[in-house]
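# Report on the structure
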Amino acid sequence: MPVPYETAYGPITAVAEWLRANDIDPNDVAHEGPITIDGQCIRYAALLRNEDGHRYVDQATGGAAREERTAPLKVEPPENVQVTVAI
């Protein structure tokens, strides 16, 4: 059986399930983050898509275009998902 792919926050399947439980599409979240819990809010780097639904490059940085988004924290992360908690 193959070893599950790991992200900076834990196994990709566990992270994806937790994001879905909080109404966040895991396909829109950068694997390297950041993902932070700030009070009752999840802050994350969302990968942006053009009008055709394709991700695109930010001309200023040369990397994937992204923006910070927030979503309400509905479900706490499981033990195998390690996200930063803002104080």
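For the structure, see preceding data.
This section reports on the structure supplied with the text.

The rules behind these values
Residues numbered from 1 in each chain as written. Predicted model: local features only at pLDDT ≥ 70, side-chain atom pairs only at ≥ 80, totals over all residues. Heavy atoms only, no water. Salt bridge = Lys/Arg side-chain N within 4 Å of Asp/Glu carboxyl O. Helix = DSSP H or I, 4+ residues; strand = E, 2+ residues; numbered from the N terminus. Buried < 20%, exposed > 50% of the residue type's maximum accessible area, 1.4 Å probe, protein only. Pairing = 2+ DSSP bridges.

## With respect to the pattern of salt bridges
For the structure on display, the rule yields six salt bridges. Between Asp23 and Lys74 there is a salt bridge, with its nearest N and O atoms 2.2 Å apart. You can see Asp23 sitting in the loop between helix H1 (12-21) and strand E3 (35-38) and its partner Lys74 sitting in the loop between strand E5 (66-72) and strand E6 (84-85), a full 51 residues away along the chain. For the pair formed by Asp23 and Lys74, the shared burial category is exposed. When the shortest N-O distance is used, the salt bridge between Glu32 and Arg66 registers 2.7 Å. On the criterion of sequence distance, the pair formed by Glu32 in the loop between H1 and E3 and Arg66 in strand E5 is long-range, its members being 34 residues apart. On the basis of relative accessible area, Arg66 is assigned to the partly exposed category, the value being 34%. Through salt bridges with shared partners, a single ionic network connects Asp38, Arg43 and Glu68.

## Points about the environment of Gln59
Locating Gln59 in the fold gives a position in the loop between strand E4 (41-47) and E5. Taking C-alpha positions, Gln59 is 29 Å from Val15, a pair spaced 44 residues apart along the chain.

## Focus: the pairing of E3
Looking at chain direction, E3 and E4 are connected through four bridges and run antiparallel. Bridging across to E4, Asp38 finds its partner in Cys41. Hairpin connection between E3 and E4: a loop of two residues separates the two successive antiparallel strands, and Gly39 in this loop has a positive phi of roughly 70°. Two strands pair when backbone bridges link them, and E3 and E6 are joined in this way by two bridges, in the parallel orientation. In the sheet register, Thr36 faces E6, and the bridge partner there is Thr84.

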